[in-house]
Structures are given as C-alpha cells and as structure tokens.
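Now for the letters of each chain:
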Amino acid sequence: MQTILHYFLHLGAPLLIAYFFYKDNWLKVYGVFILSMAVDLDHLLATPIFNPNRCSINFHPLHSYYAILAYCLLLFPKKTRIIALALLFHMLTDWIDCQLM
C-alpha cells in the first residue's frame, strides 16, 4: 500500500493539482512536476543506490534541509514558483514515505 501511495503522490496527485489549479497550462505544470523527479538523481551518489528502508529526506544532497530551504526561497520569484511547488511537493511525498516506514 505504501508503494501505491508513494507513486500516486509522485504521479497522480501532481496531475490533479495541475488540472484543478492551473487549468490554462495544466499540461506544462504537470510536466514541471514530473521533471521535479530529476532531483532523485542524487540517489546515484548513495551506496547502495536503492535502499527501501532509507529515508531520502536529509540523506541525499538534493533532499537535504538546506536544499528544501532553497526550494522554499524559490517560491518568491514568480518565474520559479511552479518549480518550487513541484520540488516541495516532491519533498513532502518523500517525507510522507519516511513516516510510513
């Protein structure tokens, strides 16, 4: 069940957010949310690369508290707001996953 919730929050919920809150540009916004998963490339720096019992938050560099703070700062400029929302939603999804471990 945790896996289903995790992937729904990474793929399904962003689609709903994009469609209901950004109707005019929902496809573009959804694309940004999907592209925000590129922050998971920092998992390649870990050994082992995948560990189902490891919490990503504050373990991987792009999931660190410092990175999350930077994502929060990206909320202020209008040009980076959607990117910030996508990255913060990604972090929230990973944090929820940590709570369910």
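Just above, that's the structure.
A brief report on the enclosed structure follows. (Residues numbered from 1 in each chain as written. Predicted model: local features only at pLDDT ≥ 70, side-chain atom pairs only at ≥ 80, totals over all residues. Heavy atoms only, no water.)

## Re helix 1 (residues 2–21)
Given 3.6 residues per helical turn, the α-helix brings residues three or four places apart onto the same face.
Turning to step 1, where the next piece is worked out: Along helix 1, the sharpest kink reaches roughly 45°, centred on Leu-9.
Turning to step 2, where the next piece is worked out: Turning to helix 1, its buried residues are His-6, Leu-9, His-10, Gly-12, Ala-13, Pro-14 and Ala-18.
Turning to step 3, where the next piece is worked out: For helix 1, the secondary structure elements touched by its buried residues are helix 2 (26–35) and helix 4 (81–99). (Bend = angle between axes of the 7 residues up to and from the residue. Helix = DSSP H or I, 4+ residues; strand = E, 2+ residues; numbered from the N terminus. Buried < 20%, exposed > 50% of the residue type's maximum accessible area, 1.4 Å probe, protein only. Contact = heavy atoms within 4.5 Å.)

## What about the state of the cysteines?
A disulfide bridge is the covalent bond that connects two cysteines by way of their sulfur atoms.
Turning to step 1, where the next piece is worked out: Inspection of every chain in the model, using the stated rule, returns one disulfide.
Turning to step 2, where the next piece is worked out: Paired by a disulfide, Cys-55 and Cys-98 hold their sulfur atoms 1.9 Å apart. Taking the sign of the S-S torsion, about 95° here, the bridge from Cys-55 to Cys-98 comes out right-handed. Of this pair, Cys-55 sits in the loop between helix 2 and helix 3 (65–73) while Cys-98 sits in helix 4, and the two are 43 residues apart along the sequence.
Turning to step 3, where the next piece is worked out: In this structure Cys-55 comes out as partly exposed when scored by relative accessible area, which is 26%. (Disulfide = S-S within 2.5 Å.)

## Some words on the nonpolar core
Turning to step 1, where the next piece is worked out: Counting residues in each nonpolar core, the largest one holds nine residues, listed as Val-39, Ile-57, Ala-67, Ile-68, Tyr-71, Leu-87, Leu-88, Met-91 and Cys-98.
Turning to step 2, where the next piece is worked out: With four residues, the top contributor of residues to this core is helix 4.
Turning to step 3, where the next piece is worked out: Excluding anything up to four places from it in sequence, Met-91 contacts Val-39, Ile-57, Leu-62, His-63, Ile-68 and Tyr-71.
Turning to step 4, where the next piece is worked out: Judged by nonpolar contacts, the second largest core, of eight residues, contains Leu-9, Ala-18, Val-29 and Tyr-30. (Core = buried A, V, L, I, M, F, W, Y, C linked by side-chain atoms within 4.5 Å.)

## Some words on the packing of helix 1 against helix 2
Turning to step 1, where the next piece is worked out: At a minimum axis separation of 8 Å, helix 1 and helix 2 run at an interaxial angle of 150°. Accordingly, the angle class assigned to the pair helix 1 and helix 2 is roughly antiparallel. The hand of the helix 1/helix 2 crossing is right-handed. Contacts between helix 1 and helix 2 pair His-10, Leu-11, Pro-14, Leu-15, Ile-17, Ala-18 and Tyr-19 from the former with Trp-26, Val-29, Tyr-30, Phe-33 and Ile-34 from the latter.
Turning to step 2, where the next piece is worked out: Its residues placed into classes, the contact of helix 1 with helix 2 shows eleven nonpolar, one polar and no charged. (Axes fitted to C-alpha atoms, helices over the stretch in contact; angles between N-to-C directions. Parallel < 35°, antiparallel > 145°, perpendicular 65-115°, else oblique. Left-handed = near helix turned anticlockwise from the far one by under 90°. Nonpolar A, V, L, I, M, F, W, Y, C, P; charged D, E, K, R; others polar.)

## Regarding helix 2
Turning to step 1, where the next piece is worked out: Restricting attention to buried positions, one finds in helix 2 the residues Val-29, Tyr-30 and Phe-33. All buried residues of helix 2 project into a common sector of 100° when viewed along the axis, lining one side. Of the residues in helix 2, the exposed ones pointing more than 90 degrees away from the buried face are Leu-27, Lys-28 and Leu-35.
Turning to step 2, where the next piece is worked out: Contact partners of the buried residues in helix 2: helix 1 and helix 4. (Arc of directions from axis to C-beta.)

## Focus: the packing of aromatic side chains
Turning to step 1, where the next piece is worked out: In this structure the tally under the stated criterion is three aromatic pairs.
Turning to step 2, where the next piece is worked out: Centroid distance Tyr-19 to Phe-20: 5.3 Å. Interplanar angle 85°. Geometry classified as edge-to-face.
Turning to step 3, where the next piece is worked out: Take Tyr-19: its relative accessible area is 40%, and that puts it in the partly exposed class.
Turning to step 4, where the next piece is worked out: Relative to Trp-26, the ring of Tyr-19 lies with its centre 6.0 Å away and its plane at 75°, an arrangement referred to as edge-to-face.
Turning to step 5, where the next piece is worked out: A relative accessible area of 30% means that Trp-26 is categorised as partly exposed. (Phe/Tyr/Trp six-rings, centres within 6.5 Å; stacked < 30°, edge-to-face > 60°.)

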